[in-house]
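Residue strings, one per chain:
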2 protein chains.
Amino acid sequence: MNFSFLKEKAFQSLENKRYLTLKNILQDMNPADLALLFQDMEKNDVYIVFRLLPKEVSAETFSYMDSEMQMHLISIFSDSELSEVIDQLYLDDTVDLIEEMPANFVSRIIKNANDSTRKMINEILKYPNDSAGSIMTVEYVYLHKDMCVKESIEKIRSVGWVKETIYNCYVTDSRKLIGVVTLLDLLTSEDDTKISDIMDTNIISVNTYEHRESVAKKLSKYDFMAIPVVDNEERLVGIITFDDVMDVFEEEATEDIEKMAGISHNDESYFKTSVFKHVNNRMFWLMFLMLSSTITGLIIDNFQLQIATIPLLVSFMPTLMGTGGNCGSQSSALIIRGLSVDEIQLKDFFKVIFKEFRIALVCSIILAVVNGVRIYLMYKDIQIAIVVSLALIFTVIISKIIGCSLPMLAKRLKIDPTIMATPIISTCVDASSMFIYFTLATKMLNLA
Amino acid sequence: MNFSFLKEKAFQSLENKRYLTLKNILQDMNPADLALLFQDMEKNDVYIVFRLLPKEVSAETFSYMDSEMQMHLISIFSDSELSEVIDQLYLDDTVDLIEEMPANFVSRIIKNANDSTRKMINEILKYPNDSAGSIMTVEYVYLHKDMCVKESIEKIRSVGWVKETIYNCYVTDSRKLIGVVTLLDLLTSEDDTKISDIMDTNIISVNTYEHRESVAKKLSKYDFMAIPVVDNEERLVGIITFDDVMDVFEEEATEDIEKMAGISHNDESYFKTSVFKHVNNRMFWLMFLMLSSTITGLIIDNFQLQIATIPLLVSFMPTLMGTGGNCGSQSSALIIRGLSVDEIQLKDFFKVIFKEFRIALVCSIILAVVNGVRIYLMYKDIQIAIVVSLALIFTVIISKIIGCSLPMLAKRLKIDPTIMATPIISTCVDASSMFIYFTLATKMLNLA
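Keep in mind it's a predicted model, so treat the numbers as computed, not measured.

## Let's talk about the overall build of chain A
Here is step 1: Per the secondary structure count, chain A includes 23 helices and six strands.
Here is step 2: Relative to the compact-globule value of 22 Å for 448 residues, chain A shows a C-alpha radius of gyration of 30 Å, a clear excess of over 25%.
Here is step 3: Dimensions of chain A, computed from the C-alpha atoms along their principal axes, are close to 90 × 60 × 40 Å.
Here is step 4: Taking as baseline every contact in chain A between residues at least 6 positions apart, the subset at least 24 positions apart corresponds to 67%.
Here is step 5: Total accessible area on chain A is roughly 19100 Å²; 56% of this is exposed by carbon and sulfur atoms.
Here is step 6: Averaging the positions of the 42 positive and the 60 negative side-chain charges in chain A gives two centres separated by 5 Å.

Laid out in structure tokens, this is it:
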């Protein structure tokens, strides 16, 4: 039964106040889908329907809701209802919740958490945003090296329900992480085998302060389901599971795409962000780049005489600036992405420039010939055709070189390469392209 | 011990031909790291070192290598060595390998696979590229609804080693998928419980022909470790695991970023792609957009008289075209990304346009005031300042509207919205912006 069918049935029973039927329909639905169902509900119905869910399902559904819906529910929950939900939530979901709520909600949530949860929340909250510590969970299974397989499986069977994953277990010795053992290893070993004999001691872990993007890359490189998080003394403090990493990939890609288009990133969705917040996110680069285009304007100022003599020259400016901008953004997009997925290293600087130079040379000659012929056919002026074509060749080469080198220079200076994308590059390209074009025109058409 | 340390030690022992030491070092390394180690090795050493690896590790390492290295090894493997590696590979890795190899290698691989593997390979190869069928594996654990927990765990213990995952098991009845049961469910149930009593019958699956991007989204939405793949008759034919999906996320993001910059995507890395292939990937859009900029040129042609009279007008063209381009790419990037992560739906068309209109209004007024003051201060010409500022307001509004509506129109026409990105939009924006600018200048400065 698919989601839209169940959803329709659910809304029908809700309308007719057939709560028993509704309860049965809800039981057939997945928490992620339930959260979507609540999103489309009248505010007044949300609380009633939420109370119809079984306890475990209700907390998981809660974790999939957006923050507005979560705030609505928290504001109508009694203290005991709130602490019930928090008890059932996985710790990393509680931390996510706290990070998104306004201060008065946070204090109510922390107040209603039980002592051990509160302690763990505070532990995680002290790590900086986007660090491994801030996205980890402390609900993992740990074993001792002297335990045997049978004991270990029994331990897992007894504590499994409250752990985020039981498929990777961690072996610790006075809190130090000394080995990893998978449930597959346990199940395919003899009952009396010692953990120390089957554990993998070649541990790959991340530090609490490592950036979440680097965590995501490691997990994906090794195809791990979970990766242990250790502190500076190699003590195990938590784990990060694949599901949290999938979200990181998506968010980081969104952030890159936005930054490349000159937009500050914010976590809210497009529609949830207010008009003024949108303006705020976009204004900095627009203003910066509008003002920097003054430079190109000043360069053109110097050629007013030439422009007055042959106004036709102006008609080819869009072609030059447009093609330059496109060439530059092609190169920068490839290089930025290459840097971000570690396909390109900083040491490849000159190799990249040489490659882009050769690509630019071939591209520019093809473009210049086509454009030259086009101009000659349309205006029957061979001299102008040559000037524009030569300027185009220079523009393409310069824009590809700028497009590939700015992101790499930024990375070298430990600035985020993505902000060196299209907008900045096209400003540099415009200025140099116009200077070359009008200088060439002046010299070759004897306009001085 | 970290990778670079082990790598250095490995190369030292290799140089001194201390193969026993080398073998011990290799045993401490993860297959993903081993693959990187081979990448830096002399071609002649690769085969020797590969034979030092334990059988299971060697196949996994092989699966992490790039296709060039894989081809090198296959070409020196004897038939029996090749079939040994194929036997140890997970089926989906074998299929990946086949998809990347040239024809003569493919036939050798298929020839050296055993009968059942060959049958499964052919099964998967018939699905279109990028479909769920093409990335699934058929190595999953299936159970029968009448089995009890104890029997099921025994089955998993006996077959677990050759399955891609044992943590999700699938319950089938005459090949139809009727339920899913996790290893956690099994371990936390009594030994004599029937599978039919604990299995989850509310199954979320994907069809063999579903696009891999939609598979990735589903897996991430539900935080699944694996998702079952069924054919049109709901029969279970395979599963897709989270590790394959993490790669999909990264590749799809790269593809989006490239397309948005007007580059055709290819699977090879930046350096592995030849100069001519790069030219080929970039030429189409460069040529298309260069020729379409002719339209802007033709519009400007009509205003030669005005340009000759006040050449200063030309100095403000870069500001107008640049700001328009940036505004357009900001809007299109947000909308394209929003469509791709399902945050924005097609039915929101007018809502988006109205939102972008309001954002554009606020942005344009701020920009126009700043730019107007700047022009007045620099050139002491209030009339030109007003003309440019008015043109800027129109340009910003038009470019934001074009920037948000073109990707949505593309999606409506079932064209990929990403190709409606920066390049096309800036062409439309340039043409309309120049038309408005020179028309305003003609009217307001009495230049007709």
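## Quick notes on a negative patch on the surface
Residues and elements named next belong to chain A.
Here is step 1: On the surface, Glu68, Asp96, Glu99, Glu100, Asp247, Asp267 and Glu268 cluster together into a negatively charged patch.
Here is step 2: Broken down by element, the negative patch gets its largest block of residues, three residues, from helix H8 (residues 91–100).
Here is step 3: Topologically, Asp247 is positioned in helix H16 (residues 242–260).

## Digging into the pattern of salt bridges
Residue and element names in this part refer to chain A.
Here is step 1: Counted according to the given criterion, the structure contains 42 salt bridges over all chains.
Here is step 2: The residue Asp146 makes a salt bridge to Lys145 at a minimum N-O spacing of 4.0 Å.
Here is step 3: Judged by its relative accessible area of 44%, Asp146 is partly exposed.
Here is step 4: Salt bridges linked by common partners bring Asp130, Arg212, Glu251 and Glu252 together as one network.

## A short note on the relation of the copies chain B and chain A
Here is step 1: Take chain B, turn it by 180°, move it 0.1 Å along the axis, and it overlays chain A with an RMSD of 0.1 Å. Here the symmetry operator amounts to a two-fold rotation axis. By C-alpha distance to the rotation axis, the residue of chain B lying nearest is B:Ala308, at 2.2 Å.
Here is step 2: Counting the interface residues of chain B, we find that 100% of their copies in chain A are interface residues as well, pointing to one common contact surface.

## A word on the packing of aromatic side chains
Residue and element names in this part refer to chain A.
Here is step 1: Under the definition given, this model contains 34 aromatic pairs over all chains.
Here is step 2: Ring geometry for Phe50 versus Phe62: centroids 6.4 Å apart, planes at 70°, classification edge-to-face. Separated by 12 residues along the polypeptide, Phe50 in helix H4 (residues 43–52) and Phe62 in helix H5 (residues 55–64) bring together distant segments of the chain.
Here is step 3: In this structure Phe62 comes out as buried when scored by relative accessible area, which is 1%.
Here is step 4: Members of the aromatic cluster, each reached through a chain of ring pairs, are Phe38, Phe50, Phe62 and Phe77.
Here is step 5: Over the ring of Tyr142 we find Lys155, and its NZ or CZ is 4.2 Å from the ring centre.

## Things to note about the pairing of strand E6 (residues 236–241) of chain A
All names here are of chain A.
Here is step 1: Burial runs high along E6: six of the six residues are buried.
Here is step 2: Where strand E5 (residues 226–230) meets E6, five bridges bridge the pair, whose relative direction is antiparallel. Along E6, the bridge assignment pairs Ala226 with Thr241.

## Details of the interface of chain B and chain A
Here is step 1: Between chain B and chain A, the residue contacts involve 114 residues of the former and 114 residues of the latter.
Here is step 2: Carbon and sulfur atoms supply 68% of the area buried between chain B and chain A, which totals about 10500 Å² over both sides.
Here is step 3: If you sort the residues of chain B by the area they bury against chain A, B:Arg157, B:Tyr270 and B:Phe271 come out on top, with a joint share of 7%.
Here is step 4: Scanning the region where chain B abuts chain A turns up six salt bridges.
Here is step 5: The partner of A:Arg282 in a salt bridge is B:Glu356, with the nearest N and O atoms 2.9 Å apart.

## Overview of the packing of helix H3 (residues 31–39) of chain B against helix H5 (residues 55–64) of chain B
To characterise two packed helices, one gives the angle between the axes of the helices and the distance between these axes.
Residue and element names in this part refer to chain B.
Here is step 1: Orientation of H3 relative to H5, taken along the N-to-C sense of each, is 65°, at an axis distance of 8 Å. Crossing of H3 against H5: the hand is right-handed. Two secondary-structure elements touch here, H3 through Pro31, Ala32, Leu34, Ala35 and Phe38 and H5 through Val57, Glu60, Thr61 and Tyr64.

## What to know about helix H9 (residues 103–112) of chain B
Here is step 1: Among the residues of H9(B), those classed as buried are B:Phe105, B:Val106, B:Ile109, B:Ile110 and B:Asn112.
Here is step 2: Those residues of H9(B) hidden inside the fold are in contact with helix H6 (67–76), helix H7 (79–88), helix H8 (91–100) and helix H10 (115–125) of chain B.

## Topic: the pairing of strand E3 (residues 176–182) of chain B
Here is step 1: For strand E2 (residues 168–173) of chain B and E3(B), the ladder comprises six bridges, and the chain directions are antiparallel. When the sheet's bridge partners are listed, B:Cys169 is paired in E3(B) with B:Val181.

## Some remarks on the sheet that holds strand E1 (residues 141–143) of chain A
Residues and elements named next belong to chain A.
Here is step 1: Strand order across the open sheet formed by three strands is E1-E2-E3, with mixed pairing between neighbours. Only two strands of the sheet have a single neighbouring strand rather than two, namely E1 and strand E3 (176–182). Strand-to-strand twist of the sheet, defined as the mean angle between neighbouring strand axes without regard to direction, takes the value 35°.
Here is step 2: Pairing of E1 with strand E2 (residues 168–173) involves three bridges; the strand directions are parallel. Along E2, the bridge assignment pairs Val141 with Cys169.
Here is step 3: Helix-sheet contacts for helix H12 (residues 149–159) involve E1 and E2, and the interaxial angle to E1 is about 155°.

## A look at a nonpolar patch on the surface
Residue and element names in this part refer to chain A.
Here is step 1: Where nonpolar side chains cluster on the molecular surface, the patch consists of Phe354, Phe357, Leu361, Ile365, Val369, Val373, Tyr376, Leu377, Ile382, Ile386, Leu390 and Met444 and spans about 1000 Å² of accessible area.
Here is step 2: Looking at the nonpolar patch, the elements with two or more residues in it are helix H21 (349–379) and helix H22 (382–412).
Here is step 3: Examining the composition of the nonpolar patch, we find that eight residues originate from one element, H21, more than from any other.

## Focus on the nonpolar core
Here is step 1: Judged by nonpolar contacts, the single largest core of 158 residues is most densely connected at A:Phe62, A:Leu183, B:Phe62 and B:Leu183.
Here is step 2: If sequence neighbours within four positions are ignored, B:Leu183 has contacts with A:Tyr167, A:Leu183, A:Leu187, B:Ile156, B:Ile166 and B:Tyr167.
Here is step 3: Judged by nonpolar contacts, the second largest core, of 81 residues, contains A:Tyr437, B:Met290, B:Val387 and B:Val396.

## Things to note about the state of the cysteines
All names here are of chain A.
Here is step 1: The final tally for this structure, using the stated rule, is zero disulfides over all chains.
Here is step 2: Counting only cysteine sulfurs, Cys363 is the nearest neighbor of Cys327, a cysteine outside any disulfide, at a range of 6.3 Å.
Here is step 3: Counting only cysteine sulfurs, Cys327 is the nearest neighbor of Cys404, a cysteine outside any disulfide, at a range of 12 Å.
Here is step 4: Residue class for Cys404 comes out buried when judged on its relative accessible area of 0%.

## Regarding the environment of A:Lys347
All names here are of chain A.
Here is step 1: The topology assignment puts Lys347 in the loop between helix H20 (317–340) and H21.
Here is step 2: For Lys347, a relative accessible area of 72% translates into the label exposed.
Here is step 3: A sequence separation of 61 residues divides Lys347 from Met408, and the C-alpha atoms of the two residues are 9.7 Å apart.

## Remarks on unusual backbone geometry
Here is step 1: A positive phi is found at A:Ser174, a non-glycine position, where the angle reads about 40°.
Here is step 2: Along the polypeptide, A:Ser174 turns up in the loop between E2 and E3.
Here is step 3: In this structure, B:Lys17 takes a positive phi of about 55° despite not being glycine.
Here is step 4: With respect to the helices and strands, B:Lys17 occurs in the loop between helix H1 (3–15) and helix H2 (19–27).

## A short note on the sheet that holds strand E6 (residues 236–241) of chain B
All names here are of chain B.
Here is step 1: Read across the sheet, three strands follow the order E4-E5-E6 without closing on themselves; strand pairing throughout is mixed. The sheet is open, and its two borders are formed by strand E4 (206–207) and E6, each paired with just one other strand.
Here is step 2: Where E4 meets strand E5 (residues 226–230), two bridges bridge the pair, whose relative direction is parallel. Residue Val206 lies in a different strand from E5, and its bridge partner there is Val229.
Here is step 3: The sheet contacts of helix H15 (residues 212–222) involve E4, E5 and E6, and relative to E5 the element is tilted by about 135°.

Definitions and limits used
Residues numbered from 1 in each chain as written. Chains lettered and ligands numbered in written order. Predicted model: local features only at pLDDT ≥ 70, side-chain atom pairs only at ≥ 80, totals over all residues. Heavy atoms only, no water. Helix = DSSP H or I, 4+ residues; strand = E, 2+ residues; numbered from the N terminus. Rg over C-alpha atoms; globule rule 2.2 N^0.38 Å. Contact = heavy atoms within 4.5 Å. Areas by Shrake-Rupley, 256 points an atom, 1.4 Å probe, with all protein chains shown as cover. Lys, Arg positive; Asp, Glu negative; His and termini not counted. Charge placed at Lys NZ, Arg CZ, Asp CG, Glu CD. Patch = residues over 30% accessible without salt bridge, like charges linked within 9 Å, V, L, I, M, F, W, Y side chains within 5 Å. Salt bridge = Lys/Arg side-chain N within 4 Å of Asp/Glu carboxyl O. Buried < 20%, exposed > 50% of the residue type's maximum accessible area, 1.4 Å probe, protein only. Least-squares fit on C-alpha atoms with pLDDT ≥ 70 in both. Phe/Tyr/Trp six-rings, centres within 6.5 Å; stacked < 30°, edge-to-face > 60°. Lys NZ or Arg CZ within 6 Å of the ring centre and 35° of its normal. Pairing = 2+ DSSP bridges. Buried area = accessible area lost by both parts, 1.4 Å probe. Axes fitted to C-alpha atoms, helices over the stretch in contact; angles between N-to-C directions. Left-handed = near helix turned anticlockwise from the far one by under 90°. Core = buried A, V, L, I, M, F, W, Y, C linked by side-chain atoms within 4.5 Å. Disulfide = S-S within 2.5 Å.

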